[in-house]
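# Fold and contact review
The residues making up each chain are set out below.
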Amino acid sequence: MTEEKRPLLITTGEPAGIGMDVVLRLATESKLQDFARPIWVTADAKAMQTRAEELVAASVLKSIPSWHTINTDINADNVDVNLVDQISQQDIDADSAFILLDIPCAAPVVCGQINIANSAMVAQQLDIAHKLAINNTVAAIVTGPLQKSALIDAGIKLLDGTMFSGHTEFFMQQSGCEKVVMMLANQAMKVALVTTHLPLKDIPAAITAENVRQTVQIVIDDMREKFGLAQPRILVCGLNPHAGEGGHLGSEEIEIINPVLQEFIDAGVNISEAMPADTLFTTRHLANCDAVIAMYHDQGLPVLKSHGFGDTVNLTLGLPYIRTSVDHGTALDLAGSGGASATSLYQALNMANEMADKSLIDVPAV
Ligand SMILES: NC(=O)c1ccc[n+]([C@@H]2O[C@H](COP(=O)([O-])OP(=O)(O)OC[C@H]3O[C@@H](n4cnc5c(N)ncnc54)[C@H](O)[C@@H]3O)[C@@H](O)[C@H]2O)c1
Ligand SMILES: N[C@H](C(=O)O)[C@H](O)COP(=O)(O)O
C-alpha cells in the first residue's frame, strides 16, 4: 500500500454512545470520501447494522450506507499480521464508504445504556489502533468517544497498572513515551495542557519543573512541525488566581513555573511568564498568540469549547504517530436519536489527513 493510500482508522469507542452514529452520518453524506484515503472503522458489525437501521427509522439517514466488513479474527495479538493484504485481497465494492474491522461486543448494545461487559471491546479497539499505527499500517488514528468510567469500572488498567484515564494516557504508555501533550484546537484558539485527567487535588503536585519544561518543548516542536510556525507565540497560564498575586495567592508561579519559562525566554522562545488565566483568555491576548498552555483540564478546555464545541479537534502532541479525536464525549442521551452532530469527527479526520499528507494544518473553521 502506498503512502497516499494508507488508511485513516476511526475507533468508534463506547458502543452505547454516539461514536457509530457520527461515522454513519459522514458515510451517508459521502463525506468520508473527502480524504482520498481508505477509511477503516473499528466497531461491532452487528451493532453498526442495528444503529444504521435505528438512524434510518429516526429519519436521520435516508438509507443505510454501504460498508465492507472484515470478519477476520482481529485481536490485539495478531492485528499486525498482514491485515492490509487480507483487506486488499477482498473484493471490496467501490461504493463502500468504509472498511469495518469487526470487534464483537460481549453483550448486546443498547443505545444510551453503558454495559461494562462491553468495556473490553472498547479497550481492544485502542489496542488494535495503536498496533496498526505504530507499525505504519494506518496513517493516523482518529478516536471516537469512550466512557472513561465504564473502562475503570470494568477494571481496565493502563500499562503501568494505574486505572484507565483516557486515550491520551493510553497511547502515551503504549508508545513508551515519557510525556505527551493534549492540545485542543479550533479557529478561535489552541490550548495545550500541562496535566490531563487528574483530580483537582492532585494537580499542584503534578506541576513540576520537568512537567512544565517537557510540555513547553513538545508544544514548540509540534507547533513548528505540524502547524508550520517557526516562532510560535505562546502564552502560559499560572496555576493560582491572578498567577499567584506576587506569591500571596500561591507560590507555584514563582518557585516552579516562571523559572522554567525564563529558560525558554532566555533561549529566544516567544513565550510569556505565567499569566492570570482569566485575563489571558481575552480577545486582545488571544489575537497575539498561537497557543495557550493551561495548567489543567478545566482551566483551559471550558474556554476553548465555549468558542466552538463541535468544531474543535483534540490532538495528542509528542506521540510517534498521528492521533486526533472528536471534542465531545459519548453523549449517551443522543445515541441512536440522530441528534449527534458529526462536525467534530469531520474536522478530526481532516486534521489527521493533513498531518498524514504532511501539509500544514488548517485549523477548523467555527
Ligand atoms: N474523546 C473522548 O473519548 C471523550 C471526550 C470527552 C468526554 N468523554 C467522556 O464522555 C462521557 C460523557 O461526558 P460529558 O457528558 O461531559 O460530555 P458529552 O460531550 O458526552 O456531552 C455533553 C453535552 O453535549 C452534547 N453533545 C455531545 N456530543 C454531541 C454531538 N456530537 N452533537 C450534539 N450534541 C452533542 C450531549 O448531548 C450533552 O448534552 C464521559 O465519560 C467523558 O469522560 C470522552
Ligand atoms: N479532555 C478530552 C476532551 O475534552 O476532549 C477528553 O477527556 C478526552 O480525552 P482523551 O482524548 O485523552 O480520551
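Residue numbers restart at each chain and count upward from 1, following the sequence in its written direction. Labels are handed out in written order, letters beginning with A for the chains and numbers beginning with 1 for the ligands. Restriction of local features to residues with pLDDT of at least 70 applies here, the model being predicted, together with a cutoff of 80 or more for giving and counting side-chain atom pairs; totals for whole chains, interfaces and linings are based on all residues. Processing note: side-chain calculations cover all non-hydrogen atoms of the structure and skip hydrogens and water entirely.

The name that an unreviewed UniProt entry assigns to the protein chain is 4-hydroxythreonine-4-phosphate dehydrogenase, with the source organism given as Psychrobacter nivimaris.

Taken together, 17 residues lie near ligand 1, and K148, G329, A331, D333 and S341 sit nearest. Two N or O atoms count as a polar contact when they lie within 3.5 Å, although within protein this holds only if one can serve as hydrogen donor and the other as acceptor, and sequence-adjacent residues are included solely when both atoms are side-chain atoms. Between T330 and ligand 1, the recorded distance is 3.2 Å, taken from a backbone N or O atom to an oxygen atom. In this structure, an oxygen atom belonging to ligand 1 sits 2.8 Å away from a main-chain N or O atom of A331. When isolated, ligand 1 has an accessible area of 820 Å², and the protein chains bury 64% of it. Along the lines of polarity and charge, the residues of the shell around ligand 1 split into seven nonpolar, eight polar and two charged. Each residue is tested against the molecule or strand, and it is near if at least one of its non-hydrogen atoms lies within 4 Å. Shrake-Rupley sampling with a 1.4 Å probe provides the accessible areas, and residues are treated as covered by the protein chains on show and by no other component. Think of it as three bins: nonpolar holds Ala, Val, Leu, Ile, Met, Phe, Trp, Tyr, Cys and Pro, charged holds Asp, Glu, Lys and Arg, and polar takes everything else, Gly as well.

The definition of a nonpolar core used throughout is a set of buried Ala, Val, Leu, Ile, Met, Phe, Trp, Tyr and Cys residues joined through side-chain atoms within 4.5 Å. Burial classes: relative accessible area under 20% of the type maximum marks a residue as buried, over 50% as exposed, and values in between as partly exposed (1.4 Å probe, protein chains only). Ranked by size, the top nonpolar core spans 69 residues in total, and within it M48, F98, V219 and L349 carry the most contacts. Helix and strand definitions here come from DSSP, where helices need a minimum of 4 consecutive H or I residues and strands a minimum of 2 consecutive E residues; each element is numbered from the N-terminal end. Here the element with the most residues in this core is helix α13 (residues 343-356); it accounts for seven residues. Residue ranges labeled as domains rest on an automatic or database domain assignment. Looking at which domains feed residues into this core, each of domain 1 (1-179 + 318-366) and domain 2 (188-307) gives three or more. When near neighbours in sequence (up to four residues on either side) are disregarded, M48 contacts T12, M20, V23, L24, V41, A43, W67, F98 and L100. Two residues qualify as a contact provided that any one of their heavy atoms is within 4.5 Å of a heavy atom in the partner residue.

A word on helix α6 (residues 167-174). Buried residues dominate α6, accounting for seven of its eight residues. Every buried residue of α6 is listed here: H167, T168, E169, F170, F171, M172 and Q173. Close packing links the buried residues of α6 with α4 (119-134), β5 (140-143), β6 (181-185), β11 (313-317) and β12 (322-325). Of the residues trailing α6, G176 is marked for its positive phi of about 75°.

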